[in-house]
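Read off the chains here:
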Amino acid sequence: MHKDLYKSPVLWVCLILIATTLAVYWQVQHHDFVNYDDNRYVTNNPGVQSGLTVEGVIWALATGHASNWHPLTWLSHMLDCHVYGLGPRGHHLTNVLFHAANTVLLFLVFKSMAGAVWRPAIVAALFALHPLHVESVAWVAERKDVLSTLFWLLTMFAYTRYVKSPGINKYLVVVVFALGLMAKPMLVTLPFVLLLLDYWPLRRFGVQVPSIGNNGKGFWKLLWEKWPLFLMSIGSSIVTFLVQQRGLAVQPLELIPIESRLANALVSYASYVWKMIWPAHLSVYYPHPLDSLPKWQILGAALLLISISAIVLREIKRRPYLTVGWLWFLGTLAPVIGIVQVGGQAMADRYTYVPLIGLFILLTWGASDIVAVWPKTRSPLTVTGGLIISIFAICTSFQLRHWKDTTSLFGHALRVTTGNQLAHNQLGLALLKDGNTDEAIAHFSEALRITPQYVNAHINLGNAFKDQKNFNKAAQQYRRALSFAPGHVTAHNNLGILMAMQSRTEEAVTHFSKVLQRDPDNPRTHNNMGIVLGKQGKLDDAIVHFSHVLRVDPNHAEAHYNLGIALARKGKLNDAVDHFSEAVRIRPDFTKAKYYLEQISQKIREP
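What counts and what doesn't
All residue numbers here refer to positions counted from 1 along the written sequence of the relevant chain. Note on the predicted model: pLDDT of at least 70 is required for a residue's local features to be given, and 80 or more for side-chain atom pairs to be given and counted; whole-chain, interface and lining totals, by contrast, use all residues. Computation of side-chain values covers all heavy atoms of the structure but excludes hydrogens and water. Comment: elements are numbered from the N terminus, with helices defined as DSSP H or I runs of at least four residues and strands as E runs of at least two. With C-alpha atoms as the basis for the radius of gyration, the globule rule is written as 2.2 Å multiplied by the number of residues raised to the power 0.38. Throughout, exposure labels follow a simple rule: accessible area from a 1.4 Å probe, protein chains only, divided by the maximum for the residue type, with under 20% read as buried, over 50% as exposed, and the rest as partly exposed. Residues count as neighbours in contact if any of their non-hydrogen atoms are within 4.5 Å of one another. In short, Shrake-Rupley with a 1.4 Å probe defines the accessible areas, and a residue's cover is counted only from the protein chains shown. Here the nonpolar core consists of buried residues drawn from Ala, Val, Leu, Ile, Met, Phe, Trp, Tyr and Cys, with membership extended through side-chain atoms lying within 4.5 Å. Think of pLDDT as the predictor's per-residue confidence, scored from 0 to 100. Aromatic rings from Phe, Tyr and Trp, with only the six-membered ring used for Trp, were paired whenever their centres fell within 6.5 Å, and each pair was classed as stacked if the ring planes differed by under 30 degrees, edge-to-face if by over 60, and tilted otherwise. Each axis is a line fitted through C-alpha atoms, taken for helices only over the stretch in contact, and angles between the N-to-C directions span 0 to 180 degrees. By definition in this entry, angles of less than 35 degrees are roughly parallel, angles greater than 145 are roughly antiparallel, angles of 65 to 115 are roughly perpendicular, and the rest are oblique. Crossing handedness: left-handed means the near helix sits turned counterclockwise from the far one by under a right angle, and right-handed means the same turn made clockwise. Using a grid of 1 Å spacing that covers the protein atoms alone, one calls a set of points a cavity when a 1.4 Å probe fits there but cannot get out, and a pocket when the set is open and has protein on both sides within 12 Å along at least five of seven lines; lining residues are those with an atom within 4 Å of a point. Grid points are joined across faces, edges and corners, and a volume is the space filled by probe spheres set on the points. Classification used: nonpolar for Ala, Val, Leu, Ile, Met, Phe, Trp, Tyr, Cys and Pro, charged for Asp, Glu, Lys and Arg, polar for all others including Gly. The term polar contact refers here to a pair of N or O atoms within 3.5 Å; inside protein, the definition further demands a hydrogen-donor-capable atom paired with an acceptor-capable atom, and it admits residues adjacent in sequence only when both atoms are side-chain atoms.

Q: Would you take a moment to explain the overall build of the protein chain for this structure?
A: Along the backbone of the protein chain there are 31 helices and zero strands. What you see for the protein chain is a C-alpha radius of gyration of 28 Å, in line with the 25 Å of a compact globule of 607 residues. Along the first, second and third principal axes, the C-alpha set of the protein chain runs to 95 × 60 × 45 Å. Within the protein chain, the proportion of its 607 residues that are buried is 52%. Restricting the contact set of the protein chain to residue pairs at least 6 apart, pairs at least 24 apart contribute 68%. With an accessible surface of roughly 28400 Å², the protein chain has 62% of that area assigned to carbon and sulfur atoms.

Set out below in structure tokens:
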């Protein structure tokens, strides 16, 4: 029995897929976090950094932080922090392990449905090694992609079991699908995909399949069968839209008109097809062209999509996999194609993580049909397929290098795109962090030349001027940001800090108050407010704000230190010592906290 197991092609395919995926992606263990969403998800997120706690679970279920509701994704990041701490290595490797698991699951699901081995193996290999999938795996903040796809494939696996053995398995489909929606709402199109799979390869449209049994049904019965899934998809779509709108992520029609969105959607569909074939000039961010797309691109893209659609629909009976693969691609991209524009990008590599499976199915089964008609093509096609997969693996390895750190990532983006205001802004942030202030100012200024209303670039340029002690220019940039976004939390907070540095405490309090009206639990602003109130002699009010910080983030060393100072000034020396001790425990290099801890401890010991 064991000897037969070792001879199993399924086992060997699984092992080869895992080994190849890990070998290509293993370099990410040496990568850093990047300053694009990784800060919101991990590096500047106290709730996530605290690990798995009761409070954290409650927060994950309730929050719309980062303009998304995906509690399972938050919990996975918390678990990483609990296990690995704040070092990036473990967080990256978790993504790689999810990607490897998805690759094997994809193979097993299609092997189960189609009853073949090598065609599903090729689809899985393309999925594992295609360069377009680097973004979803190498970016810690895109954990939601690899995690939600795990549940996508588990739902398909459960659905296959349900088709073969109806009954309690249908509840498993619903539960796993619900979990997937809690990782990322990209799964809203999965009921549509299951309906496609009913047509092929499951052949449930009134056809008896020997391996499955006589479970053939009409279209409307198959549609009604999935009503719980469609209902959950509608609910998830509504929640997602509301959360993203509240987070100001949904772009208004005044900024990007509907005709621009439709034109960009057509060109993006065609671009995804081309990048699947020729994955060059990949970027973490593709600027939206707004209304500047050439008409020939729009017409060419429309002609390409119409032509392919006509061909696959003409072959729907003889070669159903063509229609299923093509509609999988079109349908699963629909929520992120830009009709409802979320963010400022024209398209994104990460959006192809699931949709490309459809094109891989179309090409792989198509090649198999060519071999069936012309057997002499088997060897050339096999060699060509192996060569293509090998080239993709090499390209993926090179693409991964651009994700090593923020400077590499956005430096590459500027080399392969034009008019990329976000890349200039993020590269400027990395340079500012490294102390290259003049270079950072140049990039922030270029971002503002491209997009004058770019709020974050105004704020970052203000920060750079503040580092140069040019407070007037800094204040000008913060106020410019507030002219475009009057309630912007960071702009008010930074302007408040600037006012406090100039001893304009009343103005500082005004700006901090506006932040706390919009974000009542903001630990940074509570800490800043406490400092200003302390300078005004309002120690009791200051203590309230520092205490609030520590309720939100018990490991906030600065708040412990500031609370210690306020308590010492109130004469509560023992309580002050406790907080100085906590500050030193959290940050052993906290010199000022050590100094006051020694001074006040000595004062307490004096008779």
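Q: Any chance you could explain the nonpolar core here in plain terms?
A: Side chains of a nonpolar character, in soluble globular proteins, are inclined to be buried together. Within the largest apolar cluster, 168 residues are counted, with the highest numbers of intra-cluster contacts made by Phe110, Met156 and Trp328. With eleven residues, the single largest contributor to this core is helix α10 (residues 143-164). Dropping the residues within four chain positions of it, Phe110 is found in contact with Gly115, Pro120, Met156, Leu197, Trp328, Ile357, Ile361 and Trp365. In terms of nonpolar packing, the next biggest core, distinct from the first, is built from five residues, Ala263, Ala270, Leu293 and Ala301 among them.

Q: Sorry if this is basic, but what is going on with the confidence of the model for the protein chain here?
A: For residues with low pLDDT, the predicted coordinates do not support detailed interpretation. Per-residue pLDDT for the protein chain has a mean of 92; in total, 96% of the residues score no lower than 70. Of all secondary-structure elements in the protein chain, the lowest mean pLDDT belongs to helix α1 (residues 2-6), at 58, while helix α9 (residues 134-138) reaches the highest, 98. Confidence over residues 207-215 falls short of pLDDT 50; this stretch has eleven contacts with residues more than four positions distant or in other chains.

Q: Sorry if this is basic, but what is going on with the packing of aromatic side chains here?
A: This model, assessed by the stated rule, comprises 23 aromatic pairs. Ring plane angle 85° and centroid distance 5.2 Å describe the contact between Trp200 and Trp365, whose orientation is recorded as edge-to-face. Of this pair, Trp200 sits in the loop between α12 (190-199) and α13 (219-225) while Trp365 sits in helix α18 (residues 356-373); the two residues are 165 residues apart in sequence, bridging distant segments of the chain. Residue Trp365 is classed as buried on the basis of its relative accessible area of 5%.

Q: Just to check I follow, could you spell out the packing of helix α15 (residues 258-277) against helix α16 (residues 295-314) for this structure?
A: Two quantities define a packed helix pair, namely the angle between the axes and the distance from one axis to the other. Contact geometry of α15 with α16 gives a least axis separation of 8 Å together with a crossing angle of 60°. When the interaxial angle is binned, α15 and α16 end up oblique. Like other packed secondary-structure pairs, α15 and α16 cross with a definite hand, here left-handed. Two secondary-structure elements touch here, α15 through Ala263, Leu266, Val267, Tyr269 and Ala270 and α16 through Gln297, Ile298, Ala301, Ala302, Leu304 and Leu305.

Q: So what exactly am I meant to see when it comes to empty space enclosed by the protein here?
A: It is the rolling of a water-molecule-sized probe over the atoms that shows where space remains empty. With the rule as written, the count across this model stands at one cavity of 30 Å³ or more. In this structure, the largest cavity spans a volume of roughly 70 Å³. In terms of residue class, the lining of the largest cavity is built from six nonpolar, two polar and three charged.

Q: What exactly am I supposed to notice about the packing of helix α8 (residues 118-129) against helix α19 (residues 378-401) here?
A: Two numbers describe how α8 lies on α19: the axes approach to 9 Å, and their chain directions differ by 20°. Here α8 is positioned roughly parallel relative to α19, judged by the angle of their axes. The way α8 lies across α19 gives a crossing that is left-handed. Taken together, the residues of α19 that come into contact with α8 (itself represented by Ile122, Ala125, Leu126 and Leu129) are Ile389, Phe392, Ala393 and Thr396.

Q: Would you mind showing me how to read α12 here?
A: Along an α-helix, residues three or four apart share an orientation, since each turn contains 3.6 residues. For α12, the tally of buried residues reaches eight of ten residues, placing the bulk of the element in the interior. All of the buried residues in α12 are Leu190, Pro191, Val193, Leu194, Leu195, Leu196, Leu197 and Asp198. Buried residues along α12 sit in contact with α7 (88-114), α10, α11 (169-181), α13, α14 (227-246) and α17 (320-333).

Q: Any chance you could explain unusual backbone geometry here in plain terms?
A: Most peptide bonds take the trans configuration, and most residues that are not glycine carry a negative phi. Looking along the chain, the bond that leaves Trp200 and enters Pro201 is cis, with omega of 10°. Turning to its location among the elements, Pro201 is positioned in the loop between α12 and α13. Of note, Ala66 is a non-glycine position whose phi angle comes to about 65°, a positive value. Structurally, Ala66 is set in the loop between α5 (54-62) and α6 (71-84). Residue Ala66 is classed as buried on the basis of its relative accessible area, which comes to 9%.

Q: What's the story with the environment of Val123 in this structure? I'm lost.
A: By the secondary structure assignment, Val123 is in helix α8. Looking at Val123, the relative accessible area reads 2%, which means it is buried. Among all residues touching Val123, those that are not within four sequence positions of it are Leu106, Ile357, Phe360, Ile361, Thr364 and Trp365.

Q: What's the story with the side chain of His31 in this structure? I'm lost.
A: Structurally, His31 can be placed in the loop between α2 (9-25) and α3 (38-43). You can call His31 buried: its relative accessible area is 5%. Of note is the side chain of His31, whose polar atom sits 3.3 Å from the backbone oxygen of Trp403. Once residues lying within four places of it in the same chain are set aside, the contact partners of His31 are Pro88, His92, Leu400, Trp403 and Lys404.

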